[in-house]
Amino acid sequence: MGPPNTGKTKWLQTLDFLFGDAGSNPYESADSEGLAEKYDAAGAWLQIGEDSFRIERRWNEPGAKGKIFVGDEGLLARDFQHWLMSKLGIPVVNFPKGNPMSGQTWPELSFRSLLRHIHRQQRFWGGLVDQQPDAEFHAGLLSFLGLADRVYSEDYGTLVKLRLEAMNLKARRDQYSQTLNDLAIDLLDTDDVSLGVNEMTILGAQRRLRDAIDKLQEERVRVLEEASAKAIPYDRRSRIETLSLARAQALEALTAVNQRLEAANERLKEVLRYRKDLSDEIDRMARAADAGEILSDLRVTHCPACDQALKTAHAPDHCFVCHQHLPDEPDIEGLGAVRLRFEQDRLKAELKEADDLLDALRREVEKQVSEKRSTEEALRAIEVELGPARQAVAALAQADVSAIDVKLGQAAERAKQMGRVTAALELGKTLTSQVKALEDKIEPLAERVDESFRAIDFDGAAQWLEDGMNAYLEALNRERKHTWKHSRVEVDLTRTGVSFRIGRKKWQGALGGTDSLYFLMAYNYGLLSLSPRPQTHYPGVAIIDVPGEFSGESIGDKENFIVQPFIDLLKDEAFKGAQLIITGAAFTGLVGAHVQAMTKVHVA
């Protein structure tokens, strides 16, 4: 306690800085008394259960500015948050900011977010947790109530991810189908397009197109037959028919001879490659024979094991290396040469066979070339004789046949395009199967998540907080009658949000300035009352920097009545180790609290 400018708020700001504030030290911008030069570090003892820890910030020490020291170990802010959450037994969760299906990454709920509920700063008396988004506020409250790890479970995160994938695939499929409809409008009949492009409409369109092509081809034959009947005299028609049949036979024969010629040429190339390989092998054998003759007189002069010079101190009919009896000299000398001659003779025989086969293949190629030439000459003769008849028929049917050919070309192109559309429909079917596979995964997972949500007693958890807040307001009325004249506080908690009402109205619309301050104090009291409950994760500490004027006037000892309910609460054995740190101007006559008086006024 102390009058204004005695450092109460600065002291709490230092404590906030110790809890991992990533900003500058709390004295860096202080103009009073040269505090930035006076202090270069700050520390505090934390009692967590049976364990004590000293934390410290050293803002002037090189390399330590962004670290929080736990004992002698320097931790980065994020690591310190995880360490503190672990020691307090608070699960680290990721929560959605707003709509879970928005596709945004779920941020981590850090201890700094929770500290906004625990530490009510002097500048934050405009809301339950001033300037904190609703989603983050809701996640923090669920964490204190012991529900966050059950609401934001791994299954729920996986379910949201799968639903997003399914939603994106459905959107992609719908967009793909719409684009395909737009592109296919020129390929299908109007009736089909009005029903949308699908496998059935494409099959129907392809069937109608095949029927149209058959009719065009029949029409072409009919036009040519009618033109032939008019252009060719009756006595010439049998000859023209004979020539047409001969032309068809000649074309068929030419195709066959081309195939035979191509096969003969390919076989000739293979045998040529085989002959070259044989020739190269014979040359290698000849070089080996020459080398054998040159090296045959060389003898071993040194031992292969110890490399000493060999001495011929043994019988001449024994090997001077292995000392075994030598066979007759001609047998040894002739053995290698015999093997080489055998291989050379075998290769030469194969080479002769290859040469004979090449001769036969060359004759076959020449035969096919000659047959092709004669077939082409016969075809040209037929074409020359058919030329006048063709010209006569073309003169009569050219326009009609050309028009039919154009339509046939257009129909063939449309058939190709329809084939592409059919292939494109396969992608749509693939997307549908992928959506189905995701939905098969989603269904059992959604049932499991829904069952987990149904098992969470949101109303019971809200009742704990609601009871604590109303207990504080009732205590105020006992300390000073008619302080709280409104209805009870009601808390509505769901897995997606939370609301605080006074009667039927939201608290912001129901309360004036002073009553809002009482309400906010009740919120901190309600949270602190959760501390002994084993299901919850509230860490048993509240830090409140009371504004300089609580009721529109300098409060002096009038502030005692807002603190007394906390003192009475913490007397209970269940709250052993819990703590409230609160600032005030006087707290005159306050009983049951440790008072730290601050008297020196710091002015710029």
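Residues numbered from 1 in each chain as written. Predicted model: local features only at pLDDT ≥ 70, side-chain atom pairs only at ≥ 80, totals over all residues. Heavy atoms only, no water.

## Concerning the overall build of the protein
Reasoning step 1: A tally of helices and strands in the protein yields 15 helices and 10 strands.
Reasoning step 2: Expressed as a percentage of the 604 residues in the protein, the buried residues total 37%.
Reasoning step 3: Accessible surface, the protein: about 35,700 Å² in total, of which carbon and sulfur atoms supply 51%. (Helix = DSSP H or I, 4+ residues; strand = E, 2+ residues; numbered from the N terminus. Buried < 20%, exposed > 50% of the residue type's maximum accessible area, 1.4 Å probe, protein only. Areas by Shrake-Rupley, 256 points an atom, 1.4 Å probe, with all protein chains shown as cover.)

## A look at the sheet that holds strand E6 (residues 489-493)
Reasoning step 1: Here 3 strands make up an open sheet; going across it, the order is E6-E7-E8 and the pairing antiparallel. Both edges of this open sheet fall to E6 and strand E8 (505-506), since each of them pairs with a single strand only.
Reasoning step 2: Bridge analysis of E6 against strand E7 (residues 498-502) gives 5 bridges, and the strand direction is antiparallel. Residue pairing for E7: Leu 493 is matched across the bridge by Val 498.
Reasoning step 3: Strand contacts of helix H5 (residues 134-144): E6 and E7, with the helix running at about 90° to E7, the strand carrying the most contacts.
Reasoning step 4: The strands touched by helix H12 (residues 458-479) are E6 and E7; relative to E6, the strand with the most contacts, the crossing angle is about 160°. (Pairing = 2+ DSSP bridges. Contact = heavy atoms within 4.5 Å. Axes fitted to C-alpha atoms, helices over the stretch in contact; angles between N-to-C directions.)

## Overview of the sheet that holds strand E9 (residues 541-544)
Reasoning step 1: Spatial strand order, E5-E9-E10: 3 strands in an open sheet with parallel pairing. Each edge of the open sheet carries a strand with a single partner, namely strand E5 (119-120) and strand E10 (579-582).
Reasoning step 2: This element, helix H15 (residues 560-570), spans E9 and E10 of the sheet and lies at about 160° to E10.

## Quick word on the nonpolar core
Reasoning step 1: With 102 residues, the main nonpolar core has Leu 147, Tyr 152, Met 469, Tyr 472, Phe 500, Phe 519 and Tyr 523 as its most contacted residues.
Reasoning step 2: With 10 residues, the single largest contributor to this core is helix H14 (residues 513-528).
Reasoning step 3: Excluding residues that lie within four positions of it along the chain, Tyr 523 makes contacts with His 117, Arg 120, Leu 128, Val 129, Phe 137, Leu 141, Leu 465, Met 469 and Phe 500.
Reasoning step 4: Within the second largest apolar cluster, 8 residues are counted, among which are Leu 209, Ile 213, Leu 216 and Leu 408. (Core = buried A, V, L, I, M, F, W, Y, C linked by side-chain atoms within 4.5 Å.)

## Focus on the side chain of His 138
Reasoning step 1: Summarising the element assignment, His 138 is placed in helix H5.
Reasoning step 2: Judged by relative accessible area, His 138 falls into the buried class, the value being 4%.
Reasoning step 3: A polar contact of 2.9 Å, which involves the side chain of His 138, links it to the backbone oxygen of Thr 494.
Reasoning step 4: Those residues in contact with His 138 that sit more than four places away from it in its chain are Tyr 152, Leu 493, Thr 494, Arg 495, Thr 496, Gly 497 and Val 498. (Polar contact = N/O pair within 3.5 Å; in protein donor to acceptor, adjacent residues only side chain to side chain.)

## A word on the packing of helix H3 (residues 77-88) against helix H4 (residues 111-118)
Reasoning step 1: At a minimum axis separation of 10 Å, H3 and H4 run at an interaxial angle of 60°. Here H3 lies oblique to H4, going by the angle between them. Where H3 abuts H4, its residues Gln 81, Leu 84, Met 85 and Leu 88 lie against Phe 111, Arg 112 and Leu 114. (Parallel < 35°, antiparallel > 145°, perpendicular 65-115°, else oblique.)

## Points about the environment of Tyr 538
Reasoning step 1: Topologically, Tyr 538 is positioned in the loop between H14 and E9.
Reasoning step 2: The spatial distance from the C-alpha of Tyr 538 to the C-alpha of Ile 118 is 8.9 Å, given a sequence separation of 420 residues.
Reasoning step 3: With near-sequence residues (within four places) excluded, Tyr 538 lies in contact with Ile 118, Phe 144, Leu 527, Leu 528, Leu 530 and Ser 531.
Reasoning step 4: Among the polar contacts made by the side chain of Tyr 538, one reaches the main-chain carbonyl oxygen of Val 541 at a distance of 2.8 Å.

## Concerning the packing of aromatic side chains
Reasoning step 1: Taken as a whole and assessed by the stated rule, the structure comprises 17 aromatic pairs.
Reasoning step 2: Ring geometry for Tyr 472 against Phe 566: centres 5.5 Å apart, planes inclined by 55°, an arrangement best described as tilted. Within this pair, whereas Tyr 472 is found in helix H12, its partner Phe 566 is found in helix H15, the two being separated by 94 residues in sequence.
Reasoning step 3: On the basis of relative accessible area, Tyr 472 is assigned to the buried category, the value being 0%.
Reasoning step 4: Their ring planes at 85° and their centres at 6.3 Å tell us that Phe 500 and Phe 519 sit as a pair that is edge-to-face. Taken together, the residues span a long stretch of sequence, with Phe 500 in strand E7 and Phe 519 in helix H14 at a distance of 19 residues. (Phe/Tyr/Trp six-rings, centres within 6.5 Å; stacked < 30°, edge-to-face > 60°.)

## Notes on the pairing of strand E3 (residues 67-70)
Reasoning step 1: Taken together, the 2 bridges between strand E2 (residues 51-57) and E3 define a ladder with antiparallel strand orientation. Within the sheet, the bridge partner assigned to Glu 56 lies in E3 and is Phe 69.
Reasoning step 2: When E3 meets strand E4 (residues 73-76), the two strands line up antiparallel, connected through 4 bridges. When the bridges of E4 are listed, Lys 67 appears paired with Leu 76.
Reasoning step 3: Hairpin connection between E3 and E4: a loop of 2 residues separates the two successive antiparallel strands, and Gly 71 in this loop has a positive phi of roughly 65°.

## Observations concerning the pattern of salt bridges
Reasoning step 1: Within this structure, the stated rule accounts for 21 salt bridges.
Reasoning step 2: For Arg 260, the salt bridge identified is with Glu 371, shortest N-O distance 2.8 Å. Of this pair, Arg 260 sits in helix H10 (residues 234-295) while Glu 371 sits in helix H11 (residues 329-454); the two residues are 111 residues apart in sequence, bridging distant segments of the chain.
Reasoning step 3: A residue is classified by how much of its surface remains accessible, and Arg 260, at 36% relative accessible area, is partly exposed.
Reasoning step 4: Glu 371 gets classed as partly exposed once you look at its relative accessible area, which sits at 30%.
Reasoning step 5: Among the salt bridges present, the one from Lys 276 reaches Asp 280, with a minimum N-O distance of 3.2 Å. Placement of the pair is Lys 276 and Asp 280 together in helix H10, with a separation of 4 residues, close to one helical turn.
Reasoning step 6: The exposure class of Asp 280 is partly exposed, given its relative accessible area of 27%.
Reasoning step 7: Through salt bridges with shared partners, one network takes in Glu 56, Arg 58 and Glu 61. (Salt bridge = Lys/Arg side-chain N within 4 Å of Asp/Glu carboxyl O.)

## Quick word on the confidence of the model for the protein
Reasoning step 1: The predicted model of the protein averages 81 in pLDDT, with 82% of residues at 70 or higher.
Reasoning step 2: Every residue in residues 551-556 is under pLDDT 50, and counting partners more than four places away or in other chains gives 7 contacts. (pLDDT = per-residue confidence, 0-100.)

## Some words on the environment of Pro 539
Reasoning step 1: By secondary structure assignment, the location of Pro 539 is in the loop between H14 and E9.
Reasoning step 2: Look at Pro 539 and you get partly exposed, because its relative accessible area is 24%.
Reasoning step 3: Pro 539 sits 12 residues away from Leu 527 along the chain, and the two C-alpha atoms are 9.4 Å apart.
Reasoning step 4: The residues touching Pro 539, leaving out its near neighbours within four places in the chain, are Leu 88, Ile 118 and Phe 144.

## Points about the packing of H12 against H15
For any two helices packed against each other, the geometry is given by the interaxial angle and the distance between the axes.
Reasoning step 1: Packing of H12 against H15 leaves a shortest axis separation of 9 Å and a crossing angle of 120°. Judged by the angle between their axes, H12 and H15 are oblique. The way H12 lies across H15 gives a crossing that is right-handed. Contact with H12, carried on its side by Tyr 472, Ala 475, Leu 476 and Glu 479, involves Phe 561, Ile 562, Gln 564, Pro 565, Phe 566 and Asp 568 of H15 and no other residues of that element.
Reasoning step 2: In terms of residue class, the contact of H12 with H15 is built from 7 nonpolar, 1 polar and 2 charged. (Left-handed = near helix turned anticlockwise from the far one by under 90°. Nonpolar A, V, L, I, M, F, W, Y, C, P; charged D, E, K, R; others polar.)

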